[in-house]
Amino acid sequence: MDVPGSLPARLYLLGYDARKERVVTNYRSPYLLRAAALTELLLDGRIADERGKVRVVSEEPLGDPVLDDLLRRIAGSRPRSWRHWIDKDGRATVRAVRDELETRRWVRVELRRPFLLVFNRTTVRVRDTRVVKRLATQVSAALNGPVSRVGEREAALVVLAAAGELRTVLPRARRKAYKQRIAELGERGGPAAPALRKVIQQLHAASAAAMGGAG
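Here is what the cut-offs are and how they apply
Residues numbered from 1 in each chain as written. Predicted model: local features only at pLDDT ≥ 70, side-chain atom pairs only at ≥ 80, totals over all residues. Heavy atoms only, no water. Helix = DSSP H or I, 4+ residues; strand = E, 2+ residues; numbered from the N terminus. Rg over C-alpha atoms; globule rule 2.2 N^0.38 Å. Buried < 20%, exposed > 50% of the residue type's maximum accessible area, 1.4 Å probe, protein only. Contact = heavy atoms within 4.5 Å. Areas by Shrake-Rupley, 256 points an atom, 1.4 Å probe, with all protein chains shown as cover. Lys, Arg positive; Asp, Glu negative; His and termini not counted. Charge placed at Lys NZ, Arg CZ, Asp CG, Glu CD. Expected span 1.5 Å × (residues − 1). Arc of directions from axis to C-beta. Axes fitted to C-alpha atoms, helices over the stretch in contact; angles between N-to-C directions. Parallel < 35°, antiparallel > 145°, perpendicular 65-115°, else oblique. Salt bridge = Lys/Arg side-chain N within 4 Å of Asp/Glu carboxyl O. Left-handed = near helix turned anticlockwise from the far one by under 90°. Nonpolar A, V, L, I, M, F, W, Y, C, P; charged D, E, K, R; others polar.

Draft legend 1. Structural context of the overall build of the protein. Within the protein one finds 10 helices and seven strands. For 215 residues, the compact-globule estimate of 2.2 N^0.38 gives 17 Å, and the protein sits close to it at 17 Å. Relative to its 215 residues, the protein shows a buried fraction of 41%. Intrachain contacts of the protein at a sequence separation of at least 6 include 68% that bridge at least 24 residues. Of the roughly 11800 Å² that the protein leaves accessible, carbon and sulfur atoms contribute 49%. Charged side chains in the protein number 42 positive and 24 negative. The centres of these two groups are separated by 7 Å.

Draft legend 2. Examining helix H5 (residues 90–103) more closely. With 14 residues, H5 extends 20 Å between its outermost C-alpha atoms, agreeing within 8% with the 20 Å of an ideal straight helix rising 1.5 Å per residue. Every buried residue of H5 is accounted for by Gly90, Thr93, Val94, Val97, Arg98, Glu100 and Leu101. Projection of H5 onto a plane perpendicular to its axis shows the buried side chains occupying an angular sector of 165 degrees, all on one side. In H5, the exposed residues that point more than 90 degrees away from the buried face are Arg91 and Thr103. Contact partners of the buried residues in H5: helix H1 (7–13), helix H2 (29–43), helix H3 (65–75), helix H4 (82–87), strand E6 (107–112) and strand E7 (121–126).

Draft legend 3. The arrangement of the packing of H2 against H3 in detail. The contact between H2 and H3 brings their axes to 10 Å, and the two run at 80 degrees. Put simply, H2 runs roughly perpendicular to H3. Contacts between H2 and H3 involve Arg34, Ala37, Leu38, Glu40 and Leu41 from the former and Leu67, Leu70, Leu71, Arg73 and Ile74 from the latter.

Draft legend 4. Focus on the environment of Leu7. Mapped onto the secondary structure, Leu7 falls in helix H1. Residue classification places Leu7 among the buried residues on the basis of a relative accessible area of 0%. When the C-alpha atoms of Leu7 and Leu157 are compared, they prove to be 6.6 Å apart, with 150 residues separating the residues in sequence.

Draft legend 5. Seen up close, the pattern of salt bridges. Following the criterion strictly, the structure yields 16 salt bridges and no others. Linking Arg10 and Glu154 is a salt bridge whose minimum nitrogen-to-oxygen distance equals 3.7 Å. With Arg10 in helix H1 and Glu154 in helix H7 (residues 152–163), the pair connects residues that are 144 residues apart, well separated along the chain. What makes Arg10 buried here is its relative accessible area of 9%. On the accessibility criterion, Glu154 (22% relative accessible area) is partly exposed. For Arg73, the salt bridge goes to Asp89, with nearest N and O atoms at 3.6 Å. On the criterion of sequence distance, the pair formed by Arg73 in helix H3 and Asp89 in the loop between H4 and H5 is long-range, its members being 16 residues apart. Under the relative-accessibility criterion, Arg73 is labelled partly exposed at 39%. Overlapping salt bridges bring together Asp69, Arg72, Arg73 and Asp89 as one network.

Draft legend 6. Fine view of the packing of H7 against helix H9 (residues 179–186). Where H7 contacts H9, the axes come no closer than 9 Å and their chain directions differ by 120 degrees. One finds that H7 runs oblique with respect to H9. In the crossing of H7 with H9, the sense of the turn from one axis to the other is left-handed. Across the interface between the two elements, Ala155, Val158, Val159 and Ala162 from H7 touch Ile182, Leu185 and Gly186 from H9. A per-class count over the contact of H7 with H9 returns six nonpolar, one polar and no charged.

That is the geometry; function is a separate question.
Pasting the structure below:
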């Protein structure tokens, strides 16, 4: 069975919650998918790291609307840090990934209007959950098999899921149990995952500070 090719699409699908029977996104999702898009462009040879900043190597489109849009934005900007691009327009990236998955019939987006509310909400269903199971199997293989046999994208998939705290596939206990393996795989993942980890850590710190102030 096929799975989507890009890291943002794979990580979006790994957000599927079997108990809720839908894809779950949260405040970390925009940063995670943005970091995934940057990592995909890096692996595809479109961008590179230059003294901590993102440099465009090739502007040749990949045929993926999400990735090609980000590549154009980077090419049209002055050199910026990885953190800058992870922080920027992440919510739009989540919607774009969802819409592309819907177009390619990986997911079904359902609109619903809760009682007494004037705005619509969306529920995202995975059309064939075997795709999610196959992706989860790739994560497990990368965590348990020989490191030398783990491909670049599978390594990046694990490292990004860990950095973005994607709990549907890597809950806290599993991240802790495989901390050393995740670090080993991270050596091949590029600069986006460490930058994502710092973003998430700062979000936690800001949230803790706000709760402390409220108390």
